[in-house]
Amino acid sequence: MRFLYTFLVFILLASCSKELDLEVDRPYVPSNLDASAGAWKTFVSSDVNVAAPRLVTDAAYLKEIDSLKKVVIPSLTAAQKTAIQYWGAGAVLRWNEIGRELAARYNQAPAANAAGIYPVPNPADPLADPRFPFANPPYTARALAYLSVAQYDALVAAWKFKYQYNRKAPYEVDASIKPLLPVSTLPAYPSEDAVVAQASYVILLAMFPGEGPFLAGKLAEAKNVRLWAGMNVGSDVSAGTSLGAAVAAQVMSRAKTDGMSASNDQTVVPAFIAYSKSLGFVNPWVSQEIPKRPPMLPNYGTVKTWNFDRATMISIRPAMPYLEGSAEFKKDMAELEAINKNQTRAQAAIANYWADGPGSYTPPGHWHRYASKAGVEAKFSEVRMARMLAYVGTALMDAGIACWETKYYYYSPRPQQFGLKTSVGLPNFPSYTSGHSTFSFAASTVLSSFFPDKTSLFNGYAQEASDSRVFGLIHFRVDCTMGGKHGKLIGDYAVKRAQADGGQ
């Protein structure tokens with residue numbers, strides 16, 4: 001009977017993991033073009049402009065049409081046709097995949113050198129050892145938030161000018177052009193794919209500066225595909241490139257001044273430890289690695305949030321966790337000791353599934369992928385997909401900031417300081433509250449507002465992610481319970497903002 005139970009649990013877990021699969025291998029057709037999206041409120045950008053296009057009767061435009069018909073489309077290679085199918089799944093989808101893949105590639109903590117010192121990655125020399133960045137969960141949350149915001153803001157501007165100028169696609173101008181991707185009545189100028197490609201390139205290059213050649217190749221391919229497929233002429237793509245660059249520059253201006261450069265300031269740590277002791281923590285958190293590793297991003301809690309201000313963040317900070325020796329602490333410790341002695345295979349599977357450790361795209365990336373899958377299933381337009389990901393992304397970044405502020409405010413110990421071992425990696429920062437729990441409930445709250453029919457699914461994922469940290473002996477139960485409540489509050493602020501942007 002026990003074997004049958006275990007077998008059924010693993011079948012259930014397998015089906016859960018399949019929910020994360022996102023194999024889009026065919027051209028994407030949205031259910032709605034969202035023609036009014038040019039009036040939606042943006043996060044950052046404003047006052048961007050695109051020059052009026054040439055008329056479709058202009059000689060220069062007709063020359064572009066002629067080039068598509070006689071030069072570009074007839075000479076396509078097999079590789080170019082494959083690229084058309086790949087990018088036909090959607091520019092927002094593909095560039096977010098690229099962002100997650102880069103996060104996973106750079107999610108490696110620096111190793112200690114011969115002197116027992118952990119070197120800090122250098123953005124000025126990103127490919128030196130250790131490589132820059134170390135794409136830990138807060139870094140990944142921030143990178144994906146800026147990526148999604150830039151895509152959304154750029155597409156809102158693109159939609160505005162598309163319908164303002166209303167230039168038709170090449171295949172509508174000349175019926176002899178047979179496009180290689182699904183057609184629509186969406187105006188062609190500026191190219192939405194070029195807008196997304198250029199904005200994404202700028203953000204990802206700033207976040208992963210060692211990936212210049214790789215990103216440049218993806219940028220060129222993404223823009224060329226629109227010509228190869230007969231969806232745009234060159235001036236559509238050029239206008240999209242210009243608009244995407246202008247929006248990305250404004251978004252990067254925010255990124256450069258959001259406080260991230262000071263997030264790893266180790267000089268703040270002694271004050272945090274002293275305050276923790278003043279609260280009654282006999283054993284504040286301390287690194288369990290040998291040699292001891294400096295705490296990760298101790299000043300990340302001062303980074304600028306998106307959907308609420310700092311005063312609000314302080315007001316919603318979770319209450320103090322249990323002190324060592326209290327009845328509540330002993331109860332949580334007893335739960336972990338019981339799991340340590342008799343961890344079930346189901347608990348181990350959940351702990352490992354949600355570990356999202358080194359080499360993964362971390363919990364924020366995990367939730368971005370859930371969000372992308374839901375957007376594809378709902379057949380969102382490019383601009384609506386970007387909008388949804390921007391709210392998920394900003395909520396996740398806000399969750400990271402608020403969680404890290406809480407962690408270092410209390411500086412509470414981890415279960416490993418009381419003799420417990422873990423098999424799913426040992427985070428190098430204080431215990432309370434659980435990052436997995438805060439990230440997951442913030443994301444599930446936002447996703448549930450966009451996809452109310454999937455509320456139970458997303459909340460179930462969030463609870464499982466939260467439980468996984470107890471099953472993996474990484475966190476006390478209170479870390480997860482309070483982190484989840486905190487995450488829901490954080491998600492609510494993103495939902496409130498979304499309800500007022502005109503995109504409902």
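Residues numbered from 1 in each chain as written. Predicted model: local features only at pLDDT ≥ 70, side-chain atom pairs only at ≥ 80, totals over all residues. Heavy atoms only, no water.

Novice: Can you break down the overall build of the protein chain residue by residue, with the values?
Specialist: From N to C terminus, the protein chain includes 18 helices and zero strands. Taken over C-alpha atoms, the radius of gyration comes to 24 Å for the protein chain, in line with the 23 Å a tight globule of 504 residues would show. If you line up the protein chain on its principal axes, its C-alpha atoms span 80 × 55 × 45 Å. In the protein chain, the share of contacts with a sequence separation of at least 24, taken over all contacts with a separation of at least 6, comes to 85%. Carbon and sulfur atoms make up 58% of the accessible area of the protein chain, which totals about 20400 Å². Averaging the coordinates of the 49 positive side-chain charges in the protein chain and doing the same for the 41 negative ones gives two points 1 Å apart. (Helix = DSSP H or I, 4+ residues; strand = E, 2+ residues; numbered from the N terminus. Rg over C-alpha atoms; globule rule 2.2 N^0.38 Å. Contact = heavy atoms within 4.5 Å. Areas by Shrake-Rupley, 256 points an atom, 1.4 Å probe, with all protein chains shown as cover. Lys, Arg positive; Asp, Glu negative; His and termini not counted. Charge placed at Lys NZ, Arg CZ, Asp CG, Glu CD.)

Novice: Which residues make up the side chain of Asn136, and what are the values?
Specialist: With respect to the secondary-structure elements, Asn136 resides in the loop between α4 (91-105) and α5 (137-165). Among the polar contacts made by the side chain of Asn136, one reaches the main-chain amide nitrogen of Tyr139 at a distance of 3.0 Å. Setting aside chain neighbours within four positions, we find Asn136 in contact with Asn107, Met296, Leu297 and Thr362. (Polar contact = N/O pair within 3.5 Å; in protein donor to acceptor, adjacent residues only side chain to side chain.)

Novice: Describe the nonpolar core, and please don't skip the residues or the numbers.
Specialist: If you look at the biggest cluster of nonpolar residues, it comprises 151 residues, and the most contacted ones within it are Trp95, Phe208, Leu243, Trp367 and Met388. Looking at this core, the element that brings in the most residues is helix α15 (residues 382-410), giving 18 residues. Those residues in contact with Met388 that lie beyond four places of it in its chain are Ala371, Gly375, Phe380, Leu447, Phe450 and Phe451. (Core = buried A, V, L, I, M, F, W, Y, C linked by side-chain atoms within 4.5 Å. Buried < 20%, exposed > 50% of the residue type's maximum accessible area, 1.4 Å probe, protein only.)

Novice: Can you tell me about the layout of surface pockets, naming the residues and giving the values?
Specialist: Considered as a void within the structure, the second largest pocket measures approximately 450 Å³ in volume. If you go around the second largest pocket, you meet 29 residues; those closest to its centre are Pro30, Pro182, Ser184, Glu192 and Arg226. Elements with a minimum of two residues in the lining of the second largest pocket: α5 and α7 (192-207). (1 Å grid on protein atoms, 1.4 Å probe; cavity = no way out; pocket = protein on both sides within 12 Å on 5 of 7 lines; lining within 4 Å. Points joined across faces, edges and corners; volume = space filled by probe spheres on them.)

Novice: Please provide a residue-by-residue account of the pattern of salt bridges, values included.
Specialist: Throughout the structure, instances matching the rule amount to 18 salt bridges. Between Glu97 and Arg94 there is a salt bridge whose closest N-O contact spans 2.9 Å. Note that Glu97 and Arg94 are positioned in helix α4 at a spacing of three residues, about one turn of the helix. A salt bridge links Lys373 to Glu377; the nearest nitrogen and oxygen atoms lie 2.4 Å apart. Taken together, the positions of Lys373 and Glu377, both in helix α14 (residues 362-377) and four residues apart, correspond to about one turn of that helix. Among the residues examined, Lys373 registers a relative accessible area of 14% and is labelled buried. A single salt-bridge network, built from bridges that share partners, covers Lys162, Glu192, Asp193 and Arg226. (Salt bridge = Lys/Arg side-chain N within 4 Å of Asp/Glu carboxyl O.)

Novice: Break down the packing of aromatic side chains for me, with residues and values.
Specialist: Applying the stated criterion to the full structure yields 31 aromatic pairs. Relative to Trp354, the ring of Tyr353 has its centre 5.4 Å away and its plane inclined at 85°; by these criteria the two rings are edge-to-face. What makes Tyr353 partly exposed here is its relative accessible area of 23%. Residue classification places Trp354 among the buried positions, given a relative accessible area of 0%. Clustering of aromatic rings is evident, with ring pairs tying together Phe43, Tyr146, Tyr152, Trp306, Phe380, Tyr391, Phe450, Phe451 and Phe458. (Phe/Tyr/Trp six-rings, centres within 6.5 Å; stacked < 30°, edge-to-face > 60°.)

Novice: Tell me what's going on with the confidence of the model for the protein chain, and back it up with residues and numbers.
Specialist: Here the protein chain shows a mean pLDDT of 94. Residues at 70 or above account for 95%. Predicted confidence for residues 1-20 stays below pLDDT 50, and this span has 22 contacts to residues more than four positions away or in other chains. (pLDDT = per-residue confidence, 0-100.)

Novice: So what about the packing of α15 against helix α18 (residues 477-498)? Which residues, and what values?
Specialist: Closest axis-to-axis distance for the α15/α18 pair is 9 Å, and the angle between their directions is 145°. By crossing handedness, the relation of α15 to α18 is classed as right-handed. Listed contacts from α18 to Arg387, Tyr391, Ala395, Asp398, Ala399, Ala402, Cys403 and Thr406 of α15 are His486, Ile490, Ala494, Arg497 and Ala498. Within the contact of α15 with α18, the residues separate by chemical class into eight nonpolar, two polar and three charged. (Axes fitted to C-alpha atoms, helices over the stretch in contact; angles between N-to-C directions. Left-handed = near helix turned anticlockwise from the far one by under 90°. Nonpolar A, V, L, I, M, F, W, Y, C, P; charged D, E, K, R; others polar.)

Novice: Explain empty space enclosed by the protein to me, using residue names and the numbers behind them.
Specialist: Tallied over the entire structure, the rule returns three cavities of 30 Å³ or more. As a volume, the largest cavity reaches approximately 90 Å³. Every element with two or more residues in the lining of the largest cavity is listed here: α12 (327-342) and α18. Broken down by class, the residue content of the lining of the largest cavity amounts to eight nonpolar, two polar and two charged. Of the voids in this model, the second largest cavity is the one considered here, and its volume is about 40 Å³. Here the lining of the second largest cavity is composed, by residue class, of four nonpolar, four polar and two charged.

Novice: Quick one: what's the story with the environment of Val195, residue by residue and with numbers?
Specialist: Here Val195 is to be found in helix α7. Sequence-wise, Val195 and Ala248 are 53 residues apart; in three dimensions their C-alpha atoms are separated by 9.7 Å. Setting aside chain neighbours within four positions, we find Val195 in contact with Ala154, Leu155, Ala158, Gly240, Leu243 and Gly244.

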